[in-house]
Structures are given as structure tokens and as C-alpha cells.
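# Structure assessment
Next come the chains, spelled out residue by residue.
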Amino acid sequence: MNAVTSLVRRSPLVSFFVLTYALSWGVGALFAGMPLIAPDRLFGAGPLVAALVVAALAEGRAGLRDLGRRLVRWRVGLGWYAVVLVLPLVIVGVTVALIPVFGGTALDWTQRPDLAPTALMLVALLVLPLATPLGEEIGWRGFALPRLLAVRSPLTATLILSVIWGLWHLPVVLDKPELRVPAPFFLQVIPLAVLFTWLFLRTGGSVLIAVVFHAWYDLVLDYVLEPIARSDFARMWWLLFAVQSIVAVIVLLVERRRFTQKTTDPAVRRPAAAASG
């Protein structure tokens, strides 16, 4: 066993986070000669590649099989597919409805994207390995969350992951700060992470559900961005943060015990002992 493998096996979570940031923030910059935290085509691949590399080094085929099983875990009940499809529509719908209420301009729906390219974008987000939802969720919810849940309560695990996940977006935020307004964008990741964890816990650790939720959420949000006046982008992100927070608080109140007590469900947690496989 070489020194790198030994280090990864001792600290797989830290290794995953460090490698994810290194790949997303640094490698592309070195090859392209761009600023260190500038987004490039390798950005979205960071969590995916890091998860595969660390799982292979730390746990061998057992770790890779665990990621694969989570990714194809589709038998979760039709009700959860309905939640995944309806929740983004409700959250984003309420958000855009509140924009004129809080002093913004009414949306210009004549600027909405055509349905055909929107549908193609959804397919791309779901199936392309380097597309953000698929690549991200294999890493964040497929690799990191189960290992955090093995040693932390779901609420604590979510808060830790939300900070790391949110800061990982820094290159794309800095690239277009007028589109992703920094303060509300980073804040809204926290309640959004609560919703991801809730779905993960209630669907037996399904990464597939996380991928579908992420892709559909991104698509719904992208669909309304064009009709929103550019001067209202900051207002939109603050309202999205508020609406997501309300939904997350409701989830936490209803699922208080599930979030505050460490889970013993082997389907959602991945103890360090599994590294011996």
C-alpha cells in the first residue's frame, strides 16, 4: 500500500473534498492558463471524478458498487417522484410570483425559452456524465453524504455538506455575479441541501432521485430566468432563499426526529468500516 492510498483510506471524506476542489478549481486552470478559480469544462467533473477515485482507493470494488447501486436505486415509490417533480414548481413558482409583490417588474413571458430545447436540456442534464446534476450528485449525495451520516446526525451532516457544496460554486458565481448574486446564492444552498437530505433519507439513499431533483430544479429555474428582468435577479435570489427556507423549516419540524438523531439505516449511511471491503 503506497502513501497516497494509505492517506485516502484513513481520511476518505477529507480526500474527497480536497480532490473535488483541486479538480474543479485548479487542474483546468493549470492547463488553460486561467485564474485559479475560473470555471471551465472540468469544473462539473470534479465531484464525479473525486468520488470514483477516492471510492476505488479507499474501498476498492465495494465502494464503486455502492455508488453504482445508489445511482440505479429507482424503486422508491411513485409518491417521491411526484414530490421531486412538484416541489421545484411550487418553490420557483411562488418565488417568481412574489417578485412584483416586493417591488420587482412583472415577468415578461414572451421571453420564455422554447419547449423543445428545454426538453433537450433536461435530457442532457440527466444523462451526460459531466453535466452538473449527474456529476455533482454522485459526489455530494452518492459519496459524501452517506459517510457524513455515519458519524453525524442528518441535520449536522447537511449543514457541513451545504457549506462545502456551496463554496464549491465560487468559480461560477464569480464568473457571472450578476446572474448568480453571491450572498443570496450561497445562502439558498443551505435550505436546498436540507431538501436534498430529506429526499435522500426518505428514498433509501437513492442518488437517482437526487439527480432527477437537481436536474428538474435547475431546468425550472433556468426556464424562468429569461422572463425575469435583469434588475430583479438579486430580488429573485433573495426570495428564492426565503421560500426555500420556509419549506426547509417545515420539513425539519415535521421530520424533527429523523434529522436530529443519528440514522442507523444501512441504506443511507456508509460507515468507515466499509472501507475494508
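Residues numbered from 1 in each chain as written. Predicted model: local features only at pLDDT ≥ 70, side-chain atom pairs only at ≥ 80, totals over all residues. Heavy atoms only, no water.

Along its length, the protein carries 13 helices and zero strands. Overall, the protein shows an N-to-C arrangement of helices and strands of α-α-α-α-α-α-α-α-α-α-α-α-α. Here the protein has a C-alpha radius of gyration of 19 Å; the compact-globule value for 277 residues is 19 Å, and the two agree. Across its three principal axes, the protein shows a C-alpha extent of roughly 60 × 50 × 35 Å. Residue burial in the protein is summarised as follows: out of 277 residues, 49% are buried. Long-range pairs, those at least 24 residues apart, make up 79% of the contacts in the protein with a sequence separation of at least 6. Total accessible area on the protein stands at roughly 13,100 Å², and carbon and sulfur atoms take up 70% of it. Charge centroids of the protein, computed over 24 positive and 15 negative side chains, lie 15 Å from each other. (Helix = DSSP H or I, 4+ residues; strand = E, 2+ residues; numbered from the N terminus. Rg over C-alpha atoms; globule rule 2.2 N^0.38 Å. Buried < 20%, exposed > 50% of the residue type's maximum accessible area, 1.4 Å probe, protein only. Contact = heavy atoms within 4.5 Å. Areas by Shrake-Rupley, 256 points an atom, 1.4 Å probe, with all protein chains shown as cover. Lys, Arg positive; Asp, Glu negative; His and termini not counted. Charge placed at Lys NZ, Arg CZ, Asp CG, Glu CD.)

Computed from the structure, the largest pocket encloses a volume of approximately 720 Å³. No other element matches the six residues that helix 11 (residues 207–225) contributes to the lining of the largest pocket. (1 Å grid on protein atoms, 1.4 Å probe; cavity = no way out; pocket = protein on both sides within 12 Å on 5 of 7 lines; lining within 4 Å. Points joined across faces, edges and corners; volume = space filled by probe spheres on them.)

Of all hydrophobic cores here, the largest spans 76 residues; its most connected members are F16 and F213. Of all the elements, helix 11 adds the most residues to this core, at 13 residues. Those residues in contact with F16 that lie beyond four places of it in its chain are P47, A50, A51, V54, G139, W140, F143 and A144. (Core = buried A, V, L, I, M, F, W, Y, C linked by side-chain atoms within 4.5 Å.)

Let us now look at the pattern of salt bridges. Tallied over the full model, the rule gives nine salt bridges. The residue E59 makes a salt bridge to R270 at a minimum N-O spacing of 2.6 Å. Note that E59 is positioned in helix 3 (residues 45–59) and R270 in the segment after helix 13 (256–260), a separation of 211 residues in sequence. We classify R270 as buried; its relative accessible area is 13%. Notably, a salt bridge pairs D232 with R235, separated by 2.4 Å at the nearest N-O pair. A residue is classified by how much of its surface remains accessible, and D232, at 2% relative accessible area, is buried. On the basis of relative accessible area, R235 is assigned to the partly exposed category, the value being 28%. Several salt bridges converge on common partners, so that one network encompasses E59, D66, R70, R147 and R270. (Salt bridge = Lys/Arg side-chain N within 4 Å of Asp/Glu carboxyl O.)

Using the criterion set out here, one finds 13 aromatic pairs in the structure. For the ring pair W165 and F196, a centre distance of 5.5 Å and an interplane angle of 90 degrees mean the geometry is edge-to-face. Here the residue W165 occupies a position in helix 8 (residues 154–168), and F196 occupies one in helix 10 (residues 182–202), the gap between them amounting to 31 residues. F196 gets classed as buried once you look at its relative accessible area, which sits at 2%. Among the aromatic side chains, those forming a connected cluster through ring pairs are F16, F17, W140, F143 and W168. In this structure, R141 is placed above the aromatic ring of W165, and the distance from its NZ or CZ to the ring centre is 4.2 Å. Over the aromatic face of F143 sits the side chain of R147, whose NZ or CZ is 3.8 Å from the ring centroid. (Phe/Tyr/Trp six-rings, centres within 6.5 Å; stacked < 30°, edge-to-face > 60°. Lys NZ or Arg CZ within 6 Å of the ring centre and 35° of its normal.)

It is worth spelling out helix 4 (residues 61–71) at this point. Here helix 4 has its buried residues at A62, G63, D66, L67 and R70. The buried residues of helix 4 occupy an angular sector of 140 degrees when the element is viewed end-on, so they sit on one face. In helix 4, the exposed positions angled more than 90 degrees off the buried face are occupied by R61 and R69. (Arc of directions from axis to C-beta.)

For the rest of this paragraph, the subject is the packing of helix 3 against helix 7 (residues 132–149). Helix 7 packs onto helix 3 with a crossing angle of 40 degrees between their chain directions and a minimal axis gap of 7 Å. Relative to helix 7, the element helix 3 lies oblique. Judged by the sense of rotation from one axis to the other, the crossing of helix 3 with helix 7 is left-handed. Taking contact as the criterion, the partners of P47, L48, A51, V54, A55 and E59 in helix 3 are, on helix 7, G135, E136, I138, G139, W140, F143 and R147. For the contact of helix 3 with helix 7, the class distribution of residues is eight nonpolar, two polar and three charged. (Axes fitted to C-alpha atoms, helices over the stretch in contact; angles between N-to-C directions. Parallel < 35°, antiparallel > 145°, perpendicular 65-115°, else oblique. Left-handed = near helix turned anticlockwise from the far one by under 90°. Nonpolar A, V, L, I, M, F, W, Y, C, P; charged D, E, K, R; others polar.)

On to the side chain of D66. Secondary-structure assignment places D66 in helix 4. Its relative accessible area of 8% is what places D66 among the buried residues. Contact partners of D66, with chain neighbours within four places excluded, come to G142 and R270.

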